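This is what each chain is made of:
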Amino acid sequence: MTGISVETIAFMMLSCGMTLAFIRLVRGPTLPDRVVALDLFAVLSTAFLTIYAIDTNQQVFLDVAIVLALIAFLGTVAFALYIERRARDE
Amino acid sequence: MNETISNVLMLTGTTFLLLAAVGVVRMPDLFMRMQSASKASTLGIACVLLALAFHFPGVSVNIRVIGTITFFFLTAPITAHLIGRAAYFVGVPVWKGTVIDELRGRYNPLTHHLSSQDVAADTDKGSRERRAQSEM
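Below is a summary of the structure that appears in this document. What you see is a predicted model, and the numbers here were worked out from it, not measured in a lab.

## A short note on the overall build of chain B
Thinking step 1. The helix and strand inventory of chain B stands at 4 helices and 2 strands.
Thinking step 2. Going through the 136 residues of chain B one by one, you find that 43% of them count as buried.
Thinking step 3. By sequence separation, contacts in chain B at least 24 residues apart represent 51% of the contacts at least 6 residues apart.
Thinking step 4. For chain B, the accessible area works out to roughly 7,200 Å², and carbon and sulfur atoms hold 66% of it.

Shown next as structure tokens:
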């Protein structure tokens, strides 16, 4: 293979995945659908950062990926509790 | 050698992540989308992080990678459970081809009480909506 590296292929696949997750985020008929799409988007971003760390030979991006994973988890839990509470208040 | 393993793991992981995204777009209802988004993406991110561990030799990176993989394996089921629970409370419709819904009729969304027998159907808002959806 000349010119195109494995990292580039991985970046392209992750970008396609992000586009698909974004389609579900825009289209999703209900709020939980959008939350699932947002959660997947965060996982894809974490993978993107990890591969960026491999591509640039910088270990620091792994720490960024860890922080992003933590925040995404907390955000999804908060969204789930919000959906539940909103249903209870109505 | 390590580079080859790293590249193979990277491509495997991104393939699984792409398939998770395809599943989230193509699956017919929320609960199936959720299982695609949680299972396939967990496997995919684990493979990608292992690729990083093979690319950087050294204890500090390996420990951080193992910690992150453990974190994903612990939190993905928790988020899937919480979103599924909230979606069932709200009354998100299931796919019309769904074979079994074991909570239907046994769960009272007003009191959050689960009984072993069918509760009165008129207090069961979610199940009524679901039945109407499946008869359509």
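## Structural notes on the side chain of D39 of chain A
Thinking step 1. Its location among the elements puts D39 of chain A in helix α2 (residues 31-56).
Thinking step 2. Buried D39 of chain A, no salt bridge; nearest opposite-charge side chain is R24 of chain A, N-O distance 14 Å.
Thinking step 3. In contact with D39 of chain A, other than residues within four places in its own chain, are T76 of chain A together with T79 of chain B.

## Things to note about the layout of surface pockets
Thinking step 1. There is about 170 Å³ of room inside the second largest pocket.
Thinking step 2. Contributing to the lining of the second largest pocket are 13 residues, with P29 of chain A together with P28, D29, R33 and P93 of chain B lying nearest its centre.
Thinking step 3. Classifying every residue of the lining of the second largest pocket by side-chain character gives 7 nonpolar, 2 polar and 4 charged.
Thinking step 4. For the lining of the second largest pocket, the two domains that each supply at least three residues are domain 1 (1-89) and domain 2 (93-136) of chain B.

## Section: empty space enclosed by the protein
Thinking step 1. With the rule as written, the count across this model stands at 2 cavities of 30 Å³ or more.
Thinking step 2. Within this model, the largest cavity holds a volume of roughly 220 Å³.
Thinking step 3. In this structure, the largest cavity is lined by 19 residues; those nearest its centre are D39 and V43 of chain A together with T75, A76 and T79 of chain B.
Thinking step 4. The set of elements that each furnish at least two residues to the lining of the largest cavity consists of α2 and α3 (60-89) of chain A together with α2 (30-55) and α3 (59-90) of chain B.
Thinking step 5. Among the elements that make up the lining of the largest cavity, the one with the highest residue count is α3 of chain B (7 residues).

## With respect to the interface of chain B and chain A
Thinking step 1. Facing 45 residues of chain B, the contacting portion of chain A comprises 42 residues.
Thinking step 2. Overall, the association of chain B and chain A removes approximately 3,900 Å² of surface from exposure, summing both partners, and the carbon and sulfur fraction of that is 80%.
Thinking step 3. Counting across the interface, chain B meets chain A through 3 salt bridges.
Thinking step 4. The salt bridge involving R33 of chain B is made with D33 of chain A; its shortest N-O contact spans 2.4 Å.
Thinking step 5. The interface formed by chain B and chain A contains 5 residue pairs in polar contact (both at pLDDT 80 or more).
Thinking step 6. At the level of secondary structure, the elements contributing two or more residues to the side of chain B that touches chain A comprise α1 (2-26), α2 and α3 of chain B.

## Looking at α2 of chain B
Thinking step 1. For α2 of chain B, with 26 residues, the first-to-last C-alpha span of 37 Å sits near the 38 Å given by 1.5 Å per residue.
Thinking step 2. When the local axis directions of α2 of chain B are compared, the greatest deviation, roughly 25°, occurs at S41 of chain B.

Conventions adopted
Position numbers for residues count from 1 along each chain, tracking the sequence in the order it is written. Here every chain gets a letter starting at A, and every ligand a number starting at 1, in the order they are written. At least 70 in pLDDT is required for a residue's local features to be given in this predicted model, at least 80 for side-chain atom pairs to be given and counted, and no such filter applies to totals for whole chains, interfaces and linings, which use all residues. With hydrogens and water set aside, each side-chain value is computed from the structure's full complement of heavy atoms. A run of DSSP states H or I qualifies as a helix once it reaches four residues; a run of E qualifies as a strand once it reaches two. Both are numbered from the N-terminal end. A 1.4 Å probe rolled over the protein chains alone gives each residue an accessible area, and that area as a share of the maximum for its type sets the label: buried under 20%, exposed over 50%, partly exposed in between. Two residues form a contact once any of their heavy atoms are found within 4.5 Å. Where accessible areas are quoted, they stem from the Shrake-Rupley method and a 1.4 Å probe; at the residue level, only the protein chains shown are allowed to cover. Charged residues are defined narrowly, with Lys and Arg counted positive, Asp and Glu counted negative, and His plus the chain ends left uncounted. Should a side-chain nitrogen of Lys or Arg be within 4 Å of a carboxyl oxygen of Asp or Glu, the pair is scored as a salt bridge. Detection works on a 1 Å grid of protein atoms alone, calling trapped sets that fit a 1.4 Å probe cavities and calling open sets with protein on both sides within 12 Å along at least five of seven lines pockets, with lining residues defined by an atom within 4 Å of a point. Grid points are joined across faces, edges and corners, and a volume is the space filled by probe spheres set on the points. Residues are grouped as follows: Ala, Val, Leu, Ile, Met, Phe, Trp, Tyr, Cys and Pro are nonpolar; Asp, Glu, Lys and Arg are charged; every other residue, Gly included, is polar. Those domain boundaries reflect an automatic or database domain assignment. As a working definition, buried area equals the accessible area (1.4 Å probe) given up by two parts on being put together, with both sides summed. In protein, a polar contact requires one atom able to donate a hydrogen and another able to accept it; more generally it is a pair of N or O atoms within 3.5 Å, and residues adjacent in sequence count only if both atoms are side-chain atoms. An expected span of 1.5 Å times one less than the residue number is assigned to each helix. Throughout, bend refers to the angle between the axes fitted to the seven residues that end at a position and the seven residues that start at it.

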